[in-house]
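Fold and geometry: a report
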Amino acid sequence: MNYDTVIGLEVHVELSTKTKIFCGCTTEFGGQPNTHVCPVCMGLPGALPTLNKRVVEYGIKSGLALGCSINKVCRMDRKNYFYPDAPRNYQITQDEFPICRDGYIDIEFEDGTKKRIGIERIHMEDDAGKLLHTKAGSLIDFNRAGVPLLEIVSRPDMSSAEEAILYLEKLKGILTCIGVSDCKMEQGSLRCDLNVSVKPAGSEKLGVRSEIKNLNSFKSLEKAIEYEVKRQIEAIENGEKLFVETRRWDEENLRTLSMRSKEAANDYRYFPEGDLVTLNISDEWIEEIRKTIPELPHEKYVRFIKQYNLPKYDANIITSSYDVADFFEETVDICSDSKAVANWIMGDISAFMNEKNIGINDTKITPQHLGNLIKLINDGKISNAIGKKVLSEMLENGKMPETIVEEKGLIQNSDESAILDMVKNVLESNPDNVAEYKNGRTNLFGWFVGQVMKMSKGKANPKIVSKLMKEEIEKM
Ligand SMILES: [Zn+2]
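Residues numbered from 1 in each chain as written. Predicted model: local features only at pLDDT ≥ 70, side-chain atom pairs only at ≥ 80, totals over all residues. Heavy atoms only, no water.

1. Focus on empty space enclosed by the protein
Applying the stated criterion across every chain, the model contains one cavity of 30 Å³ or more. Estimated volume of the largest cavity: approximately 100 Å³. Taken together, 13 residues make up the lining of the largest cavity; nearest its centre are A86, P87, R88, D126 and D127. When grouped by side-chain class, the residues that make up the lining of the largest cavity number seven nonpolar, two polar and four charged. (1 Å grid on protein atoms, 1.4 Å probe; cavity = no way out; pocket = protein on both sides within 12 Å on 5 of 7 lines; lining within 4 Å. Points joined across faces, edges and corners; volume = space filled by probe spheres on them. Nonpolar A, V, L, I, M, F, W, Y, C, P; charged D, E, K, R; others polar.)

2. Structural notes on the packing of aromatic side chains
What the rule picks out here adds up to seven aromatic pairs. Residues Y81 and Y268 carry aromatic rings whose centres are separated by 6.2 Å and whose planes lie at 80° to one another, so their mutual orientation is edge-to-face. Remark: Y268 occurs in the loop between β14 (255–261) and β15 (271–272) and Y81 occurs in the loop between β4 (77–80) and β5 (90–93); sequence separation between them is 187 residues. Three or more aromatic residues joined by ring pairs form one cluster here, namely Y81, Y268 and Y270. Lying across the ring of F445, K470 places its NZ or CZ 5.2 Å from the centre. (Phe/Tyr/Trp six-rings, centres within 6.5 Å; stacked < 30°, edge-to-face > 60°. Helix = DSSP H or I, 4+ residues; strand = E, 2+ residues; numbered from the N terminus. Lys NZ or Arg CZ within 6 Å of the ring centre and 35° of its normal.)

3. Focus: the packing of helix α7 (residues 322–335) against helix α8 (residues 338–356)
Between α7 and α8, the shortest axis-to-axis distance is 10 Å and the interhelical angle comes to 135°. Considering the angle they form, α7 stands oblique to α8. α7 and α8 meet at a crossing whose hand is right-handed. Residue-level contacts link V324, F327, F328, T331, V332 and C335 of α7 to S338, V341, A342, I345 and M353 of α8. (Axes fitted to C-alpha atoms, helices over the stretch in contact; angles between N-to-C directions. Parallel < 35°, antiparallel > 145°, perpendicular 65-115°, else oblique. Left-handed = near helix turned anticlockwise from the far one by under 90°. Contact = heavy atoms within 4.5 Å.)

4. Side note on the sheet that holds β15
Spatially, the three strands line up as an open sheet ordered β5-β4-β15, and their pairing is antiparallel. Here the strands that pair on one side only, and so sit at the sheet edges, are β5 and β15. In this sheet, β5 lies alongside β4 in antiparallel orientation, the contact comprising four bridges. Note on β5: the bridge partner recorded for R78 is I92. (Pairing = 2+ DSSP bridges.)

5. Let's talk about the UniProt feature "domain: Asn/Gln amidotransferase" (unreviewed entry) in the protein
Residues annotated in UniProt with the feature "domain: Asn/Gln amidotransferase" (unreviewed entry) correspond here to residues 326–473. The span residues 326–473 is 72% helix and 0% strand, and its two end C-alpha atoms sit 50 Å from each other. (UniProt positions renumbered as here; feature names shortened; annotations may be inferred.)

6. Notes on the pairing of strand β12 (residues 210–215)
Here strand β11 (residues 190–200) pairs with β12 via four bridges, running antiparallel. Bridge pairing links V196 to S210 in β12. Bridge analysis of β12 against strand β13 (residues 245–250) gives four bridges, and the strand direction is parallel. What sits directly across from E211, in β13, is T246. Between the parallel elements β12 and β13, the chain passes through helix α3 (residues 218–237) in a crossover that is left-handed. (Right-handed = clockwise from strand over helix to strand, strands pointing away.)

7. Points about the coordination of the zinc ion
Bound to the zinc ion on the protein side are C23 (SG), C25 (SG), C38 (SG) and C41 (SG), at distances that span 2.3 to 2.4 Å. For the zinc ion, the four donor atoms in the first shell make angles of 101 to 115° at the metal, a pattern classed as tetrahedral. Every donor residue of the zinc ion comes from the same chain, spaced as C-x1-C-x12-C-x2-C. Separated by 13 residues along the polypeptide, C25 in the loop between β1 (3–14) and α1 (53–65) and C38 in the loop between β1 and α1 bring together distant segments of the chain. (Donors = N, O, S within 2.8 Å, 3.2 Å for Na, K, Ca; no water. Tetrahedral: all angles 85-135°; square planar, octahedral: opposite > 155°, others 65-115°.)

8. Things to note about unusual backbone geometry
Negative phi is the rule for most residues except glycine; trans is the rule for most peptide bonds. Even without being glycine, R269 reaches a positive phi, approximately 45°. Classification of R269 as exposed rests on a relative accessible area of 51%. Phi at N357 is positive, roughly 55°, even though this residue is not glycine. Mapped onto the secondary structure, N357 falls in the loop between α8 and α9 (367–378). (Buried < 20%, exposed > 50% of the residue type's maximum accessible area, 1.4 Å probe, protein only.)

9. Thoughts on the nonpolar core
Ranked by internal contacts, the top residues of the largest apolar core, which has 70 residues, are L9, I60, Y167, L171, L194, L221 and I281. The greatest single-element share of this core, amounting to nine residues, is contributed by helix α2 (residues 161–177). Leaving out residues up to four positions away in the same chain, L171 has contacts with V11, L66, I105 and I152. One finds I345, I374, I386 and M394 within the second-largest nonpolar core, a separate group that totals 36 residues. (Core = buried A, V, L, I, M, F, W, Y, C linked by side-chain atoms within 4.5 Å.)

10. A few points about the environment of N71
Residue placement: N71 occurs in the loop between β2 (69–70) and β3 (73–74). Between the C-alpha atoms of N71 and P367, which are 296 residues apart in sequence, the distance is 43 Å. Non-local contacts of N71, meaning those with residues more than four positions away in its chain, are made with F97, P98, I99, R101 and I281.

11. Remarks on the environment of K53
Following the sequence through the fold, K53 ends up in helix α1. For the pair K53 and F22, spaced 31 residues apart in sequence, the C-alpha separation works out to 9.7 Å.

12. Some remarks on the packing of helix α5 (residues 297–308) against α7
As a packed pair, α5 and α7 sit with axes 13 Å apart at the nearest point and diverge in direction by 20°. Between α5 and α7, the interaxial angle falls into the category roughly parallel. In this structure, α5 crosses over α7, and the sense of that crossing is left-handed. For the pair α5 and α7, the contacting residues are K300, R303, F304, Q307 and Y308 in the first and Y322, A325, D326, F328, E329 and V332 in the second. Residue composition of the contact of α5 with α7, grouped by class: six nonpolar, one polar and four charged.

13. With respect to the state of the cysteines
This model, assessed by the stated rule, comprises zero disulfides. Cysteine C183 is unpaired, with the sulfur of C177 as its nearest cysteine sulfur at 11 Å. The exposure class assigned to C183 is buried, which follows from its relative accessible area of 1%. (Disulfide = S-S within 2.5 Å.)

Shown next, in the form of structure tokens:
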């Protein structure tokens, strides 16, 4: 039998506010355990929370960028559960009235077709502390407790690992672009829970889903979907009964393991958080926030194709990072050759960044470096091959291309009389080859040009060499 896969994602992102959601403690990553804490985020009796306005602003900003409607009247709720990393024994989150509802992300496949993935809701909540299991016993670090989170819940609109990854990449691009989160998966500031089920192809009735917690990379998301789909189909075909359950991803053995079934799950007994007031958000504030949203990655993509005449492939790569897109535009302003800029960025510069695992702004070159380099090539002062050498040196030491070219004497020689001397010299010292050429071995022409290039140590302008060589050899 054929099966359809149904996937929904719940994504948690840590907001990049300076302070926590309900107190003034810093949200900085790391630090000595239990040094970024106070009675509020430690959940001490009697300590009262105050909602951080920036968190609400970032929630609204994210909702607007994701096409959501904003719930102008919304409130915080208590989600009750006991776990050692939650010092209050409840989480302050949003249940019935989340800040945003009904948004979407359009994903685009390689062949250019598009699909809209719905976003059901976005809510604000606080992060838990971190349990550290050591030989000395289990320890708790509350530095992360109270760091603001947005939970972004998609509709179950995705039907393959490919779609889930396109969705997550796009979401990450938008949130990074509007500056609400750094979305560093390796530091846990973007974490993903996966809901997945299978059903007979074409059937309306949804299958039994499992939820896989805390996937921390695109790779583990992809592998977890593949594993779980296979496991569920095998269970159905073997006549086993599936039940709703929470599973965890075992990174080492590339499999999911059951944590708990939903029958045994907590009843969270949600109720309104009495220590915080209901929010009444004004239209004016929403409009003010809307004005702070910069051009989003997919808007930039469309504009780059139009304004810079870039192929879709190039535009996609260049606009996938905000920094790279900015670097590109500033460089084009300097040298006015958009295709050359795209080629250098996607070629040698990307290779260097991947090798060192750094971003474009962490390299030693600026748009001025690259723009000037392209101008040197386009003005015929250096060849493309020399350009590559200059670039790798700029990346190493941050010197300007003109300086490198001058220091190393790399300027292309376009002095016709000097080149003519070399051409004559080569022809005079190789009379046998000239005779063969005259007898019809015309492919020797390339060899003659090569001899001149060699004599000039690669610096003679190859176009001028060819032109003069042709003239001289015809005269003979
Ligand atoms: Zn605190």
